[in-house]
Amino acid sequence: MPELDPAPDLVTFGETMALFVSRRTGPLRFARDFDLGLGGAESNLAVGVTRLGRSACWVGRVGADEFGDLIRSALTGEGVDVRALPDLEAQTGLMIKGRRTADHVDVRYYRAGSAGSRLRPEDLDPALIRGARVLHVTAITPALSESARATVRHAVEEARDAGVPVSLDVNYRRALWSQDAAGAWLREVAGRVDVLFATADEARLIAADAPRDDPAATAAALAALGPRHVLVKLGSRGAVEWSDGVCRRAPAYQVTAVDPVGAGDAFAAGWLADWLEGAEPDQRLRTACAAGAFAVTSQGDWESLPTRADLTLLERSADGVSR
């Protein structure tokens with residue numbers, strides 16, 4: 001009998017879109033040249049975990065079009081186990097990114113009715129989830145459609161029934177749903193996950209009374225809802241982790257930021273990869289901060305996600321030249 005492929009360490013799912021990035025700064029209406037790529041929080045994370053040495057599977061719907069083919073080939077080329085389901089009735093969604101100013105990134109979505117938004121519970125293989133070491137979801141997917149929301153609910157219950165830990169990154173997108181709608185869903189699901197990633201602002205969608213100036217207290221407030229591990233991302237101020245009743249803090253790495261998109265996905269990928277490796281808590285938090293810092297150093301949602309070797313570059317001083 002042929003040997004079965006081992007189950008991936010991490011399973012995730014969601015919408016990945018074709019991404020057009022303007023090559024010039026200013027209003028998008030004046031853009032003439034674009035670079036073509038792809039982007040999606042869940043697939044970004046899958047790439048990040050894979051580059052750091054763990055295995056990851058991404059499930060999603062794509063159109064039967066060139067953009068769907070791009071997503072399949074690019075993610076497969078990164079070593080991700082890709083389960084891209086072709087949708088013959090909808091097209092792959094689009095994301096357009098430009099810089100309105102040197103310091104402000106302008107991201108626009110064209111994903112209503114897209115293939116990715118049509119994800120449904122039966123698209124997920126229960127055996128895939130049950131065989132994973134962790135299921136990772138975001139609060140982007142449930143905002144896409146009723147069927148996508150049902151898919152997240154189904155996946156979380158499948159994982160819980162099998163004893164598979166669930167990781168949730170809030171990743172709030174105001175273009176997709178209101179704070180009230182997102183907050184209601186997040187409060188419903190927060191007690192059913194094991195790992196929770198959020199910025200300080202996102203945390204208050206879940207716990208409205210979380211203090212604004214005390215990240216440790218914010219993390220503790222979220223942990224009180226049920227998650228065993230809570231990560232509060234503080235951007236240039238680092239991050240706080242509350243795990244098993246212990247609070248830890250790590251500073252941010254000082255880098256030159258080129259493109260901030262994807263930093264949160266890289267942070268979560270770094271933490272989860274080290275968690276899967278069995279790393280000590282302080283180490284996995286440092287890795288998360290390092291991965292998040294590395295992700296902003298060049299253009300692209302996932303292209304600059306680091307390998308293990310890349311992370312050592314942040315520890316070197318000297319002149320920034322590798323010889």
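Residues numbered from 1 in each chain as written. Predicted model: local features only at pLDDT ≥ 70, side-chain atom pairs only at ≥ 80, totals over all residues. Heavy atoms only, no water.

Visitor: An account of the side chain of Asn44 is requested, with residue identities and associated values reported.
Guide: The topology assignment puts Asn44 in helix H1 (residues 41-51). Excluding residues that lie within four positions of it along the chain, Asn44 makes contacts with Gly39, Asp265, Asp301, Trp302 and Leu305. (Helix = DSSP H or I, 4+ residues; strand = E, 2+ residues; numbered from the N terminus. Contact = heavy atoms within 4.5 Å.)

Visitor: Explain the environment of Ala139 residue by residue, including any values.
Guide: By the element assignment, Ala139 lies in the loop between strand S8 (134-138) and helix H4 (146-162). Residues Ala139 and Ala64, 75 residues apart in the sequence, show an inter-C-alpha distance of 26 Å. Once residues lying within four places of it in the same chain are set aside, the contact partners of Ala139 are Leu168, Asp169, Val170, Trp177, Trp185 and Leu186.

Visitor: If you had to explain the sheet that holds strand S6 (residues 94-101) to someone new, which residues and values would you point to?
Guide: Judged by pairing direction, the sheet is mixed, and its four strands sit side by side in the order S3-S2-S6-S7 without closing on themselves. The two strands at the open ends of the sheet, each matched to only one other strand, are strand S3 (34-39) and strand S7 (104-110). Looking at each pair of strands side by side, their axes are set apart by 25° on average, direction ignored. Packing of helix H2 (residues 66-77) onto the sheet brings it into contact with strand S2 (17-25), S3 and S6, and relative to S3 it is tilted by some 65°. (Pairing = 2+ DSSP bridges. Axes fitted to C-alpha atoms, helices over the stretch in contact; angles between N-to-C directions.)

Visitor: Kindly report on the packing of aromatic side chains, identifying the contributing residues and their values.
Guide: All told, the structure shown has six aromatic pairs when counted by the stated rule. Ring centres 5.8 Å apart and planes at 85° place the aromatic pair Phe20 and Phe67 in the edge-to-face group. Pair noted here: Phe20 is in strand S2 and Phe67 is in helix H2, with a separation of 47 residues, a long-range link. The partly exposed category is assigned to Phe20, whose relative accessible area is 23%. For the ring pair Phe197 and Trp271, a centre distance of 5.9 Å and an interplane angle of 80° mean the geometry is edge-to-face. You can see Phe197 sitting in strand S10 (residues 195-199) and its partner Trp271 sitting in helix H8 (residues 263-277), a full 74 residues away along the chain. On the accessibility criterion, Phe197 (0% relative accessible area) is buried. (Phe/Tyr/Trp six-rings, centres within 6.5 Å; stacked < 30°, edge-to-face > 60°. Buried < 20%, exposed > 50% of the residue type's maximum accessible area, 1.4 Å probe, protein only.)

Visitor: Could you give an account of the nonpolar core, naming the residues involved and the relevant values?
Guide: Side chains of nonpolar character tend, in soluble globular proteins, to be buried together. Grouped together as the largest cluster of nonpolar side chains are 44 residues, with contacts concentrated most on Phe13, Leu135, Leu168, Trp185, Leu186 and Leu196. The dominant element in this core, judged by the number of residues it contributes, is helix H5 (residues 179-190), at five residues. Dropping the residues within four chain positions of it, Trp185 is found in contact with Thr138, Ala139, Pro142, Arg149, Val152, Leu168 and Trp177. One finds Leu10, Ala239, Leu276 and Leu311 within the second-largest nonpolar core, a separate group that totals 41 residues. (Core = buried A, V, L, I, M, F, W, Y, C linked by side-chain atoms within 4.5 Å.)

Visitor: Pulling in residues and values, what's your account of the layout of surface pockets?
Guide: Its volume calculated, the largest pocket comes out at about 1,500 Å³. Forming the boundary of the largest pocket are 46 residues, of which Pro260, Val261, Gly262, Ala263 and Gly264 lie nearest the centre. Broken down by secondary-structure element, the contributors of at least two residues to the lining of the largest pocket are H1, S7, helix H6 (200-206), H8 and helix H9 (281-295). (1 Å grid on protein atoms, 1.4 Å probe; cavity = no way out; pocket = protein on both sides within 12 Å on 5 of 7 lines; lining within 4 Å. Points joined across faces, edges and corners; volume = space filled by probe spheres on them.)

Visitor: Summarise the packing of H8 against H9; cite the residues concerned and give the values.
Guide: Closest axis-to-axis distance for the H8/H9 pair is 7 Å, and the angle between their directions is 150°. One finds that H8 runs roughly antiparallel with respect to H9. Note on packing geometry: the crossing formed by H8 with H9 is right-handed. Taking contact as the criterion, the partners of Ala263, Ala266, Phe267, Gly270, Trp271, Asp274 and Trp275 in H8 are, on H9, Gln283, Arg284, Leu285, Thr287, Ala288, Cys289, Ala291, Gly292 and Ala295. (Parallel < 35°, antiparallel > 145°, perpendicular 65-115°, else oblique. Left-handed = near helix turned anticlockwise from the far one by under 90°.)

Visitor: Got a sec to walk through unusual backbone geometry? Specific residues and values, please.
Guide: A positive phi is found at Asn171, a non-glycine position, where the angle reads about 45°. On the basis of relative accessible area, Asn171 is assigned to the buried category, the value being 8%. Backbone geometry at Asp244 places phi at a positive 50°, although glycine is not the residue there.

Visitor: How would you summarise H2 if you had to cite specific residues and measurements?
Guide: With 12 residues, H2 extends 16 Å from end C-alpha to end C-alpha; this agrees with the ideal 16 Å at 1.5 Å per step. Turning to H2, its buried residues number three or more, namely Gly68, Ile71, Ala74 and Leu75. End-on, the buried residues of H2 take up no more than an arc of 140°, which puts them together on one face. Counted as exposed and oriented over 90 degrees from the buried face of H2: Glu66 and Gly77. Considering only its buried residues, H2 is in contact with S2, S3, H1, strand S4 (56-63) and strand S5 (81-87). In the segment just after H2, Gly79 is the residue with positive phi, at about 90°. (Expected span 1.5 Å × (residues − 1). Arc of directions from axis to C-beta.)

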